[in-house]
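Structural description and commentary
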Amino acid sequence: MSGMQGKIVVLTGGTSGIGEAAAVKLAKMGARLVLVAHDASRAEATLKHLQKVSPGTAHTSHLADLSLVTETQRVAHEIAAAEPRIDALINNAGLICALRQVTAEGHELTFATNHLAYFVLTDGLLERLLASAPARIVNTASEVHHGAKIDFSDLQSERGYSGFGAYAKSKLANVLFTSELARRLSGKGVTANSLHPGVVASRFGLPREGQGGDPSSARFLQAHGISPEEGAETIVYLSSAAEAEKASGQYFNQCRAVTPSKEAQDRAVAKRLWEESEQLGGHQLRT
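Residues numbered from 1 in each chain as written. Predicted model: local features only at pLDDT ≥ 70, side-chain atom pairs only at ≥ 80, totals over all residues. Heavy atoms only, no water.

**Description of the side chain of T72**
Assignment of secondary structure puts T72 in helix α3 (residues 69–82). Contact partners of T72, with chain neighbours within four places excluded, come to D65, L66, A117, V120 and L121. (Helix = DSSP H or I, 4+ residues; strand = E, 2+ residues; numbered from the N terminus. Contact = heavy atoms within 4.5 Å.)

**Looking at the environment of F152**
Along the polypeptide, F152 turns up in the loop between β5 (135–140) and α5 (163–185). With relative accessibility at 17%, the residue F152 sits in the buried group. Spatially, the C-alpha atom of F152 lies 8.4 Å from that of E276, the residues being 124 residues apart in sequence. (Buried < 20%, exposed > 50% of the residue type's maximum accessible area, 1.4 Å probe, protein only.)

**Quick word on unusual backbone geometry**
With omega at 5°, the peptide bond leading from A133 into P134 counts as cis. In this model, S157 sits at a positive phi of 50°, which is unusual for a non-glycine residue. For S157, a relative accessible area of 8% puts it in the buried group. Phi at Q254 takes a positive value of approximately 55°, unusual for a residue other than glycine. Tracing the sequence through the fold places Q254 in the loop between β7 (251–253) and β8 (256–258). For Q254, a relative accessible area of 56% gives the class exposed.

Dropping the structure here:
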């Protein structure tokens, strides 16, 4: 996968910030993007931009609320039906919530959007990824996972909610999910890696149609963050670089494999989180 010409890349959170920057870079490299978006107008604007940087490539988008398991399952089914192959899946959509919010399905919004959506979308597209091997799964996590722990008695953050704490827990879940997924996919031609994109100045932290939002985080990122283009570099690297083709189960920062937190390396915690996610997602991920 050193060249991306003709490769099919499914990307969530690709209509702003590091996701959009990654989409543009991958499109310029020859990939065809399949976006999963929450906002129709932003999806349309991003598709127009992609067409400008890669004329003649039929980039597409699908709309879904990834905070809902049923919506994530639906969009995964739609994409799997529309795409004969998938060379890379980039789970990147995420949010932070200053105040605790609960989805219509009863899940805490941060955990549902930032972790469960990764799990459920990967499940729905795994058959296509396996059939397209060699293929790659790239999961956007964060350095804030350091210091976080998974409390299995309170996955929905009902006790002593903290917006930053819930976000950090969800990012730890990303790293744990990735390592367990890589173990289960070993020898099957599909790799899985997670990454820290950096502290990025983007729309992250702003509310999304009444969902999520953390004004203090948004202000900090705007004042101190790197550009989305810089933040997208590791996503693009893991999705496309020849030297990353064999890497799996690793956590990356600035295009280099680094050591995640001690909690993120706990295989028992990763296994239990997988089992809990199967129950919350209503099915078993078929690895």
